[in-house]
Each structure stands twice: as C-alpha cells, then as structure tokens.
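# Survey of secondary and tertiary structure
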Amino acid sequence: MDINTLTIDGARALVESREVSARALAEAHYAEIESRDETIGSYLTLTKERALAQAERIDCLAEKGDPLPPLAGVPVGIKDVLMTRGERTTAGSRFLEKFVAPYDATSVEKLEAAGAVCLGKLNCDEFAMGSSNENSAFYPVRNPRDTTRVPGGSSGGSAAAVAAGFAVATLGSDTGGSIRQPAAFCGVVGLLPTYGRVSRYGLIAFASSLDHVGPVTRTVKDAATLLEVIAGRDPMDSTSADVPVEKYSAACGRDVKGLRIGIPKEYFGEGLDPEIRQAVEQCIDGLRNAGCEIVSVSLPHTEYAIPVYYIVATAEASANLARFDGVRYTTRSPKAKTLADMYRLSRDEGFGAEVKRRILLGTYALSAGYYDAYYRKAQQVRTLLTRDFQNVFTTVDAVVTPVSPTVAFKLGEKANDPVSMYLSDIYTVTANLAGVPGISLPCGNNHEGLPIGIQILGKHFDESTVIQLAHAMEQQL
Amino acid sequence: MKVTEKDVAYVADLANLELTPDESTRMVADLNSILGHIDKLNELDTSNVEPLAEVISAFASAERKGSEKFAYAQRADEVKPGLSREVALANAPDTDGTCFRVPKVIER
C-alpha cells in the first residue's frame, strides 16, 4: 500500500477485502501526519477518538461481510470552516481558537454516513479569506511540492494534505477559487460544485452568495464519488437546490467525442505565465485529438470580475462576521468594561489584518453615500458577467482555461500587497460570481517541477460534463 | 486619495473595529489602492442593468416568477427540537446558566 497514491476505490477495496483494516489505514495516516506535518502544517486539530470509533464501526461491518457504504474506511480531512460536533472548529481564526462546534455540517455528516473516517481539521486562511494560506492565525501551510512556496488558499491545508499523503481526500470551501487554486498549486484535483449543489449548513459563512463546499482529491473519479455523497437538497440550507443528484462517477470514461469546448480569449491574455499557457494549450490539443470541437469564445466582462468580487465578497463578509461580537463565540476581551468596548476590543483581539481589511472595505462599500457607487454597481456588473456565461453556454458544452496566472509563489512574496494577491484569483472568481461548476486538475509541471493546473467550467448543474472532460484529460497525461 | 484617515475611522466605527494608529495608516493606504482598482467598474454603463444579488433566480425556470422560484425551500411550520440551552451556551464567554451575560448596557 502506497499511502501517497491511494484513491477512494483503492482504500475501500483494501478495507472490504480486509487486507488492511480501516483502523490500520487511519493509524497509518496519523503516523505520516505525526512524522511530516510539522513541516507542512496542514492540520490544525486531529480528531483521533472520533476517527478510530468510526474505523471500528467500518471494520465490524467488513468482518461480518455486510455491504459497505461508498466511502467505507476512507481517511478524509475537513477544512476547519466546517463544523464538527464536539470538535474544535476555528476557521483559522484566533477568535474561534477555543470554539467547539455544537453540531455537524451536513457535508461532514454525509461523509461519515457514507463510511468516511474524518482524521482531523485542516488549516486555512482566516475565515477562508486569502489566496496563500498565510492568513491562518495559527501557522501557514507549506506546499508539499516545494516547502518554500505557498500551497494556495484559502483551502491550502485541504490541498496540501491530499498532496502530502495525509488524507485520501478532503473537503474544502470555495468562495473565489479557494478549492481550485490550491489544488492547482499542489498538483491535485479540486471540484467547485454548482451554487446550491452542496449544502452549506454548518459552513462558517464568508460570502453567502459565493460560498461553496467541495472536494479535493487525487483523481477526477474520486472527486466525482465524493460529490455524489455530499450533493443534494438539504432542508437545513434553503439555498440548496432541489435538483436530482446524478451518478457523477459514471461520467468518468464516457467518450468526449463531439463535445464543443470554448476557449475564452480573455483568460489567455497579459499576465499569464507562458509555461502555463503552453501546458494548457497542449491539453486542449489533446481534447481536439479525442474528437472535441474546439472553438474560440469571448467572456467580455472578465476583466471586471476581480473588482466585482472584492466588493460583493467583502460586503457580504462584513455582514456575516458581525456575529462575532464577544457574546456567543468564546472570545471576549478581558479589557472590556462597556458593551461597546466588548464588541470593539473582542473583534480587535480576535481578527487578523486581512479580515479587518475586508470588513472595512465591505462596510465602506455598503455605507451611506457609497452603496450605489460600489455595491449596487458591482451587482449590476455581476449580472453582465453571468450573462457572459449564459451566452457562451448556448454554443458550447464547457469552457477550458488556466486556473491561476502563475504557479505556486514563495511564502511572503505577496504578503504585503493585497491588490497583487487579489489579482491572482483572476481566472477563478468568475465561476463563483456566475454560480457555475468547475474543476481544477493537474496538466503538467513547469521547468522547476511545480504543478500547473487547468480549469474546466460547465453549465449550471452539469457537473457530469465537467467530470467527463476532466477524466478524459487526466487519462492523457 | 479617496479615503482619508477620517473615513477609515468612521467605517471602523460602523463595523465595531478598533484600529491602532499604525493599523489605521495601513488601512488608508490599502483601501485606496484596492478602490483604485475597483474604479475600473465605472468604465461600464450599467444604467439599464438589473443588479444580481444571488444566482439561483437567474437560472431558475423562466415560467416561475419572483418568490415562486424558491417554492422548494418552503417547509411546514412545525416545532422541532433545536439545540439545548446547555449546548447553545457552551461556547459563551459568560453566562448565568440560563442567559448570555454581557456588560451593563444602561448606566444609571
């Protein structure tokens, strides 16, 4: 058993055949984490007791020869923005350092009901705000492919853990690229489901019109399998859609011949690393050879996506983070004597610089006199961006783009320049704004051996086509 | 400079954030640089464009209008068990066992 390349089907087969017990599989992962995660920093909390109890349950089923659920014994990690009952859930923030979740997120509950073994909680940028994982209040995550570089963010721990052999698969969250960009930086697969496809109940909210929960895995098929488990309508999340869940894994291996693929020229402009352009174009040639029809398309409002995103996301964040008030969530400044002081000092002590910056920007954009100029304007341009996708999807089945203009950058390289950090999300924020699904998968390495990612975006609730294409690409590499 | 120290202080007050003088200086610079980039939106004429607050209704079936698009999200108004008081208070920094306790609100 090679723990670094184990897939969901592989892990499940080991447990089913009783070649390796679920318990031994979990323990093998903990041994790896304990010996190497000090360098990487992917986990914030290990949930051993819970994991081993679940592993015992699976081993009992296997011993009796009972049919096993789809994720039986599969060791997984959970981004620390998802609630896990009775376990510390911090969102990477000092504010929630001691917060113990009172209930499980629906996605976590579904994973465990499907037999997965949750090993622990994964490091991330504070409240999922960041593109490098350097905004974690506890410690940064390092890229397992080159520890002088960032793993991407905000689901940096989720991607690094999968790349380093610390979990077979993980859950992340994606508000502007937070699953797809770290997957690209670490050389793994990250899936952004359609808005409403996966319940957000129990996800600590950042920007509610943009937040998604989704999987990070080693293979496209694993991402499809995980999505099958976590997708679906949830009465606890009124934004979860009442749309049937497809057998996404069945799309793997389906012939891609005849599919029409759009290449949006706006995603191949200035600022794109030439090596990434080359790798992505090579991959597109592969699709052409497999019988796809490749057409040039235009998403003309792409250049406005970053400004729209950083208004909408921060405005929503300023409202969502108002709940951290010093009354309910563990942190209260001991210096506070009055109610007003309690709010201000608790928030001052609990929040890091990036969180404060975004709350201030969002509050500014919503404040009297600026609401129309910024917030309403951004919402109007969001309409135009969404129309771009609706138009393009009348003529093509999917679009293919790079994930990020650069490969993983060095720790500290962009830490003091928020605008340059924000611009690194240029190819990913559009999908969140339009609510369409997407996937990021590896498409080669640059001359330094750093992974390059390619992105496929699809029609609303058409994850199957995205997965079908991604699987075909994966087979060619 | 669009945003001044005074603006930052005003917004920080609205958001209930405390900023040190150093933080405040830094935020003035950061907000100006971010807003400078955001001003790009003014290149677009949006006078006849509806604002989009969420994507579900934009993609929901065309026959359904307004709140009908969200009919699936309705549920019966039934009493169901929620978090117990003990669990709900467990993360609070200060309680009296029944309620959250906060500093005195009204001074006599």
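Here the structure is a predicted model, which means the values were calculated and not measured.

### Let's talk about the overall build of chain B
Secondary structure summary: chain B contains four helices and zero strands in total. Secondary structure elements of chain B, listed N to C terminal, follow the sequence α-α-α-α. Computed over C-alpha atoms, the radius of gyration of chain B comes to 23 Å, more than 25% over the 13 Å expected from 2.2 N^0.38 for 108 residues, which places it beyond the range of a compact globule. Taken along the three principal axes of its C-alpha coordinates, chain B extends 55 × 50 × 25 Å. Residue burial in chain B is summarised as follows: out of 108 residues, 16% are buried.

### Some thoughts on the overall build of chain A
Looking only at helices and strands, chain A has 15 helices and 11 strands in total. Expressed along its principal axes, the backbone C-alpha trace of chain A runs to roughly 65 × 55 × 45 Å. For chain A, the residues scored as buried account for 62% of the 477 residues in total. Intrachain contacts of chain A at a sequence separation of at least 6 include 75% that bridge at least 24 residues.

### Notes on the pairing of strand E6 (residues 212–217) of chain A
All names here are of chain A. Taking burial as the measure, the six residues of E6 include six buried ones, the bulk of the element. Across five bridges, the pairing between strand E4 (residues 169–174) and E6 is antiparallel. The residue of E6 that forms the bridge with Leu 171 is Pro 215. Here strand E5 (residues 189–192) pairs with E6 via two bridges, running antiparallel. From the neighbouring strand, Val 189 faces E6, where its bridge partner is Thr 217.

### Focus: the interface of chain B and chain A
For an interface, size is often stated in terms of accessible area lost upon the parts coming together. Across the boundary between the two partners, chain B contributes 44 residues, which contact 57 residues of chain A. Elements with a contribution of two residues or more to the side of chain B that touches chain A: helix H1 (5–14), helix H2 (21–38), helix H3 (56–59) and helix H4 (85–89) of chain B. For the side of chain B that touches chain A, the element with the most residues is H2 of chain B, which contributes seven residues. Tallied by class, the residues present in the side of chain B that touches chain A amount to 32 nonpolar, five polar and seven charged.

### Comments concerning the confidence of the model for chain B
When pLDDT is low, close inspection of the predicted coordinates is not appropriate. All names here are of chain B. Residue-level pLDDT values for chain B average 89, and 92% of them are 70 or greater. Mean pLDDT across the secondary structure elements of chain B bottoms out at H3, with 68, and peaks at H1, with 96. Model confidence for the complex is summarised by a pTM of 0.97, with the ipTM given as 0.93.

### With respect to the pairing of E5 of chain A
Residues and elements named next belong to chain A. Neither face of E5 is exposed, since Val 189 and Leu 191 on one face and Gly 190 and Leu 192 on the opposite face are all buried. Two elements, E5 and strand E10 (residues 438–445), share three bridges in a ladder whose sense is antiparallel. Note that in E10 the partner of Leu 191 across the bridge is Ile 439.

### A short note on the packing of helix H7 (residues 220–230) of chain A against helix H15 (residues 463–476) of chain A
Residues and elements named next belong to chain A. Two elements in contact, H7 and H15, have axes separated by 9 Å at closest approach and are oriented at 160°. For the element pair H7 / H15, the angle class is roughly antiparallel. The hand of the H7/H15 crossing is left-handed. Across the interface between the two elements, Val 220, Lys 221, Ala 224 and Leu 227 of H7 pack against Glu 463, Ile 467, Ala 470, His 471 and Glu 474 of H15. Here the residues of the contact of H7 with H15 are counted per class, giving five nonpolar, one polar and three charged.

### Notes on the environment of Ile 261 of chain A
Residues and elements named next belong to chain A. Mapped onto the secondary structure, Ile 261 falls in strand E7 (residues 260–264). For Ile 261, a count of 20 C-beta atoms within 10 Å puts it in the buried group. Separated by 31 residues in sequence, Ile 261 and Cys 292 place their C-alpha atoms 6.8 Å apart. Ignoring sequence-local partners within four residues, the contact set of Ile 261 consists of Leu 287, Cys 292, Glu 293, Ile 294, Val 396, Asp 397, Ala 398 and Val 400.

### Some points on the sheet that holds strand E8 (residues 293–297) of chain A
Strand pairing in a sheet relies on backbone hydrogen bonds. The paired strands run either parallel or antiparallel. Residue and element names in this part refer to chain A. Pairing within the open sheet is mixed, and its 11 strands lie in the order E1-E3-E2-E4-E6-E5-E10-E11-E9-E7-E8. Two strands lie at the open edges of the sheet, namely strand E1 (43–46) and E8, each paired on one side alone. Across this sheet, the average inter-strand angle for adjacent strands is 30°, counted without regard to direction. When E1 meets strand E3 (residues 117–122), the two strands line up antiparallel, connected through three bridges.

### Regarding unusual backbone geometry
With an omega dihedral of 5°, the bond running from Gly 153 of chain A to Ser 154 of chain A counts as a cis peptide bond. For Arg 18 of chain A, which is not a glycine, the phi torsion comes out positive at approximately 60°. Residue position: Arg 18 of chain A is located in the loop between helix H1 (8–16) and helix H2 (22–40). The phi torsion at Asn 16 of chain B lies on the positive side, around 55°, for a residue other than glycine. Examined against the element boundaries, Asn 16 of chain B turns out to sit in the loop between H1 and H2.

### Focus on helix H3 (residues 48–64) of chain A
One turn of the α-helix equals 3.6 residues, which is why residues spaced by three or four share an orientation. Residues and elements named next belong to chain A. An ideal rise of 1.5 Å per residue puts 24 Å on 17 residues; H3 measures up with 24 Å between its terminal C-alpha atoms. Of the positions making up H3, those classed as buried are Ala 51, Gln 54, Ala 55 and Ile 58. For H3, the angular spread of the buried residues around the axis is 105°, confining them to a single face. Exposed residues on H3 whose side chains face more than 90 degrees from its buried face are Glu 49, Ala 53, Cys 60, Glu 63 and Lys 64. Elements in contact with the buried residues of H3: H1, H2, helix H4 (106–113) and E3. Downstream of H3 by one or two residues, Gly 65 has phi in the positive range, about 80°.

Conventions used here
- Residues numbered from 1 in each chain as written.
- Chains lettered and ligands numbered in written order.
- Predicted model: local features only at pLDDT ≥ 70, side-chain atom pairs only at ≥ 80, totals over all residues.
- Helix = DSSP H or I, 4+ residues; strand = E, 2+ residues; numbered from the N terminus.
- Rg over C-alpha atoms; globule rule 2.2 N^0.38 Å.
- Buried ≥ 20, exposed ≤ 12 C-beta atoms within 10 Å, placed from the backbone.
- Contact = placed C-beta atoms within 7 Å.
- Pairing = 2+ DSSP bridges.
- Nonpolar A, V, L, I, M, F, W, Y, C, P; charged D, E, K, R; others polar.
- pLDDT = per-residue confidence, 0-100.
- Axes fitted to C-alpha atoms, helices over the stretch in contact; angles between N-to-C directions.
- Parallel < 35°, antiparallel > 145°, perpendicular 65-115°, else oblique.
- Left-handed = near helix turned anticlockwise from the far one by under 90°.
- Expected span 1.5 Å × (residues − 1).
- Arc of directions from axis to C-beta.

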